[in-house]
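# Observations on the three-dimensional arrangement
Here is what each chain is made of, one letter per residue.
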Amino acid sequence: MRQFSFGGLARMAGAAGMLLVLDSAAGAQYTAVILQTPAGMNGSLGNAVSGGPAVGYAYGAGDHALLWTSSSAAPIDLSPASGFGFTYATGMSGGVQAGWGEVSGSGANHALLWNGSAASMIDVNPTGFSATRILGAGSSGEAGYGSGTVTGSNYHALLWNTSGSSVVDLHPGAGYNVSFSNGMDGSAQVGYGNGSASSFSNHALLWHGTSGSAVDLNPTGVTTSVATGVSGSLEVG
């Protein structure tokens, strides 16, 4: 088993990606379908699914972002031939896959978008940011975080539009040192923010497309909280 961290949240990778399929005729029974791992790689992890297709990555000498178009088909390797030593697909919506990669030679992480192939990859790291990652995707864009000169080198939750051509800084502002967006659905984004050492630890946050829309979801009596997913009017974490 391998542990990898996205925005401070650990995920476990086994020998192969796995898809759980609901058999409605059997009364909510689930069948595990093993997704193929590319030859020469040690294993794979599925991070997100949308209908039939799923995305994730395979790990070995270099980690490669993957797209499974069906549970039986061999995955499409989304990692480009050059420029990035490691790539990860962490979200998808429609025909767009999203994630991030490590720039060869610099070690910097850049947010990435794909449209079904390695050749379609777009580096959507915005001007003024030295590092960005996308962790979730929805019909209205992609959610993640980044840091750079424009953020005072602190991590800020970010929202990209669907094409990645523009980005909105979701950081709540006063009282928060850092913030991260982990997922989105429709017009809503969720994640967490952290105050100064003398203020508070992680608080789950909900946004609707702007920094000013941030809502602190941390419940009364709870010391720390993180929101990891949203669907309609429900948030989970």
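The structure displayed is predicted, hence computed values, not measured ones.

### So, the sheet that holds strand 15 (residues 156–160)
The strand order across the open sheet built from four strands is 13-14-15-16, with neighbouring strands paired in antiparallel fashion. Two strands bound the open sheet, and with one partner strand each, they are strand 13 (129–138) and strand 16 (167–169). On average, each strand axis in the sheet is inclined to that of its neighbour by 30°, with strand direction left out of account. As defined by bridge partners, strand 13 adjoins strand 14 (residues 141–148) across eight bridges and the pair is classed as antiparallel. Directly across from Ile-134, in strand 14, lies its bridge partner Gly-144.

### A closer look at unusual backbone geometry
A positive phi angle is found at Ser-153, which is not glycine, with a value near 70°. Turning to its location among the elements, Ser-153 is positioned in the loop between strand 14 and strand 15.

### Observations concerning the packing of aromatic side chains
Inspection of the entire model under this criterion finds seven aromatic pairs. Plain terms: the ring middles of Tyr-57 and Tyr-59 are 6.4 Å apart, the flat faces sit at 55° to each other, and that makes the pair tilted. We note that Tyr-57, like Tyr-59, is buried. Grouped by ring-pair contacts, the aromatic residues Tyr-57, Tyr-59, Tyr-88 and Trp-100 constitute a single cluster. Seen from the ring of Trp-100, Arg-133 lies directly overhead, with NZ or CZ sitting 3.7 Å from the centre.

### Overview of the nonpolar core
By size, the foremost hydrophobic cluster in this structure holds eleven residues: Val-55, Ala-65, Leu-67, Leu-78, Phe-84, Ala-89, Met-92, Val-103, Leu-112, Trp-114 and Met-121. When residues in this core are grouped by element, the largest group, three residues, is from strand 9 (residues 84–93). Apart from the residues within four sequence positions on either side, Ala-89 is in contact with Asn-47, Val-55, Gly-56, Ala-65, Leu-66, Leu-78, Ala-98, Gly-99 and Trp-114. Counting ten residues, the second largest nonpolar core, distinct from the first, contains Ala-98, Phe-129, Ala-137 and Leu-158.

Scoring rules and cut-offs
- Think of each chain on its own: its residues are numbered from 1, step by step along the sequence as written.
- Per-residue local features of the predicted model are confined to residues with pLDDT of at least 70, and side-chain atom pairs are confined, for both listing and counting, to 80 or more; whole-chain, interface and lining totals are unaffected and use all residues.
- Working from all heavy atoms in the structure, the side-chain values ignore hydrogens and water.
- A pair of strands counts as paired when DSSP detects no fewer than two bridges linking them.
- By the criteria applied, helices consist of DSSP H or I runs no shorter than four residues and strands consist of E runs no shorter than two, each listed in order from the N terminus.
- Under this scheme, a helix contributes an axis fitted over its contacting stretch, all axes are lines through C-alpha atoms, and angles between N-to-C directions fall in the 0 to 180 degree range.
- By convention, a stacked pair of Phe, Tyr or Trp rings (six-membered ring in the case of Trp) has centres within 6.5 Å and planes under 30 degrees apart, an edge-to-face pair has planes over 60 apart, and any other such pair is tilted.
- A 1.4 Å probe rolled over the protein chains alone gives each residue an accessible area, and that area as a share of the maximum for its type sets the label: buried under 20%, exposed over 50%, partly exposed in between.
- Here, a charge over a ring means that NZ of Lys or CZ of Arg falls within 6 Å of the ring centre while also lying within 35 degrees of the ring normal.
- For our purposes a nonpolar core is just a set of buried Ala, Val, Leu, Ile, Met, Phe, Trp, Tyr and Cys residues, chained together by side-chain atoms within 4.5 Å.
- Residues count as neighbours in contact if any of their non-hydrogen atoms are within 4.5 Å of one another.

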